[in-house]
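The lines below spell out each chain.
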Amino acid sequence: MQKRVLSGVQPTGNLHIGNYLGAIRNWVETQADYESFFCVVDLHAITVPHDPKTLAVNTRDIAALYIACGIDPQISTIFVQSHVSAHAELTWLLNCITPLNWLERMIQFKEKAIKQGENVGVGLLDYPVLMAADILLYQADLVPVGEDQKQHLELTRDIAGRFNDQFAAVLKVPEPLIRKEGARVMSLTDGTKKMSKSDPTEMSRIHLLDSADEITKKIKKCKTDAIRELAFDQSDRPEAHNLLGLYAIFANKTKAEVEAETATWRGWGDFKTVLTEAAIAHLEPIQTKYREVVQESGYLDQVLRDGREKASETAFKTLDAVKEAMGYLTKI
């Protein structure tokens, strides 16, 4: 029997190459090895101020990009988080057994609260419980995690253990799926910072749907250093390491092949040209598939309906077991 995996992405702006190379590409490569659930976590998207005019559009775009990147709806379940109301209901139930100090110590809450100042909603503090509910609803065996998500998974494991101890052994305690060494893609404007959708400048990242002109402009203006020769693994040259790594992925070349090729480039100008060409060529099939998905009448809607039905079947089974363990009156 296949182990079950769950993961998701927020619909806050377009996916960028960091999302793709650091996570989604690995989901695609391993989706047939597991029973995979991939959701668009739109409930998480409102923990910070958001634009209601774009939330639904962004949600559809993320779902379409899942498919464009290679997630197969015939193999994996693709659905929208808010379409399965069990996510919100289980969150409330878990809220009532989760100690407040567990949430107050979460690093990402502290960092984001500083940025938001007085405009901090309860949801920002509480979203790790929602994340726990997302995972525990599907009795996930494994959860793909990166460095910035390890604390949240540990919280999920703690909440599941606390529930099972207080009531009954209903919730599966998930294990981390430590993905193979993937691309840790850094900002184009600062090689020491991870590429992020929250970065205020669009020049810091390449979106999967950027045009060839936009990609060209961003790479042309990306941060470099004053040293002409390019090399990997030099701690004082983070931009060189990051950009060479991107080129290796986009051009499908080994590190040794890229190192050999550096001798043919006359500094950053030559390299940026070949990097731009490789990036455009790599993203073109994804962009083509995305256009096919959104232009095929009714296709994406059907994928999300099918996904909602399959996800609901598993999620509400878990929710009913949780409510029974907590002593709720069963539905009459």
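Every chain's residues receive numbers from 1 upward, in the order its sequence appears when written. Confidence filtering applies because this is a predicted model: local features only for residues at pLDDT of at least 70, side-chain atom pairs given and counted only at 80 or more, and all residues used for totals across whole chains, interfaces and linings. Here the side-chain values reflect all heavy atoms present in the structure, with hydrogen atoms and water set aside.

(A) Examining the packing of aromatic side chains more closely. Stacked, tilted and edge-to-face are the three classes assigned to paired rings of Phe, Tyr and Trp, where Trp is represented by its six-membered ring and a pair needs centres within 6.5 Å; plane angles under 30 degrees give stacked, over 60 edge-to-face, the rest tilted. Taken as a whole and judged by the stated rule, the model has nine aromatic pairs. With a centroid separation of 5.5 Å and 50° between ring planes, the pair formed by Phe79 and Tyr138 is classed as tilted. Of the two residues, Phe79 sits in strand β3 (residues 77-80) while Tyr138 sits in the loop between α6 (122-137) and β4 (142-145), which places them 59 residues apart along the sequence. Side by side, Phe79 and Tyr138 carry an identical accessibility label, which is buried. Three or more aromatic residues link up through ring pairs in this structure, and these residues are Tyr247, Trp265, Trp268 and Phe271. Here a strand is any run of E in DSSP of at least two residues, a helix any run of H or I of at least four, and the numbering for each starts at the N terminus. The buried label goes to any residue with under 20% of its type's maximum accessible area, the exposed label to any with over 50%, and the partly exposed label to all in between, with areas taken from a 1.4 Å probe on protein chains only.

(B) Region of the structure containing the packing of helix α3 (residues 86-95) against α6. Packing of α3 against α6 brings their axes to within 8 Å, and their N-to-C directions diverge by 120°. In this structure, the crossing between α3 and α6 has a hand that is right-handed. Between α3 and α6, the residues in contact are Ala86, His87, Leu90, Thr91, Leu94 and Asn95 and Asp126, Val129, Leu130, Ala132, Ala133, Asp134, Leu136 and Leu137, respectively. Between N-to-C directions, angles cover 0 to 180 degrees, with each direction set by a line fitted to C-alpha atoms, over the stretch in contact for helices. Note on convention: near helix rotated counterclockwise from far helix by under a right angle means a left-handed crossing. Clockwise means right-handed. Here, two residues are considered to be in contact whenever any of their heavy atoms come within 4.5 Å of each other.

(C) Main features of the nonpolar core. Membership of the largest hydrophobic core comes to 54 residues, with the highest contact counts inside it found for Ile17, Tyr66, Leu246 and Phe271. Counting residues per element, the ones that place at least two in this core are α1 (17-30), β2 (35-40), α2 (52-69), β3, α8 (212-221), α9 (238-250), α11 (268-295) and α12 (299-326). In terms of residues, this core owes the most to one element, α11, which gives 10 residues. Here the nonpolar core consists of buried residues drawn from Ala, Val, Leu, Ile, Met, Phe, Trp, Tyr and Cys, with membership extended through side-chain atoms lying within 4.5 Å.

(D) Quick look at the layout of surface pockets. Each cavity reported here is a set of points on a 1 Å grid over the protein atoms alone in which a 1.4 Å probe fits but cannot get out, each pocket an open set with protein on both sides within 12 Å along at least five of seven lines, and each lining residue one with an atom within 4 Å of a point. Grid points are joined across faces, edges and corners, and a volume is the space filled by probe spheres set on the points. Within this model, the second largest pocket holds a volume of roughly 200 Å³. Taken together, Pro73, Gln74, Ile75, Ser76, Thr77, Ile78, Tyr299, Gln302, Val303, Asp306, Gly307 and Lys310 form the lining of the second largest pocket. A per-element tally of the lining of the second largest pocket places α12 first, with six residues. Here the term charged refers only to Asp, Glu, Lys and Arg, the term nonpolar to Ala, Val, Leu, Ile, Met, Phe, Trp, Tyr, Cys and Pro, and the term polar to all other amino acids, Gly among them. A breakdown of the residues in the lining of the second largest pocket according to their chemical character gives five nonpolar, five polar and two charged.

(E) Highlighting the pairing of β3. Judged by which residues are buried, β3 turns out to be covered on both faces: Thr77 and Phe79 on one side and Ile78 and Val80 on the other are all buried. Relative to β3, β2 is paired through four bridges, and the arrangement is parallel. Among the inter-strand pairings, Cys39 is bridged to a residue of β3, identified as Phe79. For a crossover, the right-handed case is the one in which the path from the first strand over the helix to the second runs clockwise, viewed with the strands pointing away from the viewer. In this view, the connection linking β2 to its parallel neighbour β3 by way of α2 has right-handed handedness. If DSSP finds at least two bridges between two strands, the strands pair.

(F) Structural context of the pattern of salt bridges. By salt bridge we mean one thing: a side-chain nitrogen of Lys or Arg within 4 Å of a carboxyl oxygen of Asp or Glu. Per the stated rule, a full pass over the model turns up 14 salt bridges. One salt bridge in this structure joins Lys172 and Asp141, with 2.9 Å as the shortest N-O distance. Note that Lys172 is positioned in the loop between α7 (150-166) and β5 (175-178) and Asp141 in the loop between α6 and β4, a separation of 31 residues in sequence. A residue is classified by how much of its surface remains accessible, and Asp141, at 19% relative accessible area, is buried. Lys223 is paired through a salt bridge with Glu239; the nearest N and O atoms lie 3.8 Å apart. Residue Lys223 is located in the loop between α8 and α9, and its partner Glu239 is located in helix α9; the two are separated by 16 residues in the primary sequence.

(G) Local environment of the packing of α9 against α11. Here α9 crosses α11 at 40°, and the two axes come no closer than 9 Å. It follows from the interaxial angle that α9 and α11 lie oblique. Where α9 crosses over α11, the two elements pack in a sense that is left-handed. For the pair α9 and α11, contact is made by Glu239, Ala240, Leu243, Leu244, Leu246, Tyr247, Ile249 and Phe250 and by Trp268, Phe271, Val274, Leu275, Ala278, Ala279 and His282, respectively. Each angle is binned into one of four classes, with values under 35 degrees roughly parallel, values over 145 roughly antiparallel, values of 65 to 115 roughly perpendicular, and all other values oblique.

(H) Focus on the UniProt feature "binding site: L-tryptophan" (unreviewed entry) in the chain. This chain's UniProt record puts "binding site: L-tryptophan" (unreviewed entry) on Asp134. Apart from residues lying up to four places away in sequence, Asp134 is in contact with Leu6, Val41, His44, Gln81 and His87. Here the side chain of Asp134 touches His44 through a polar contact of 2.8 Å, side chain to side chain. UniProt positions are given in the numbering used here, feature names are shortened, and annotations may be inferred rather than shown by experiment. In protein, a polar contact means a hydrogen-donor-capable atom and an acceptor-capable atom, both N or O and within 3.5 Å, with residues adjacent in sequence counting only if both atoms are side-chain atoms; elsewhere, any N or O pair within 3.5 Å suffices.

(I) Representation of the side chain of His87 in the model. Among the secondary structure elements, His87 is positioned in helix α3. A polar atom in the side chain of His87 sits 2.8 Å from the side chain of Tyr138. When sequence neighbours within four positions are dropped, the list of residues in contact with His87 reads Leu43, Phe79, Gln81, Leu130, Ala133, Asp134, Leu137 and Tyr138.

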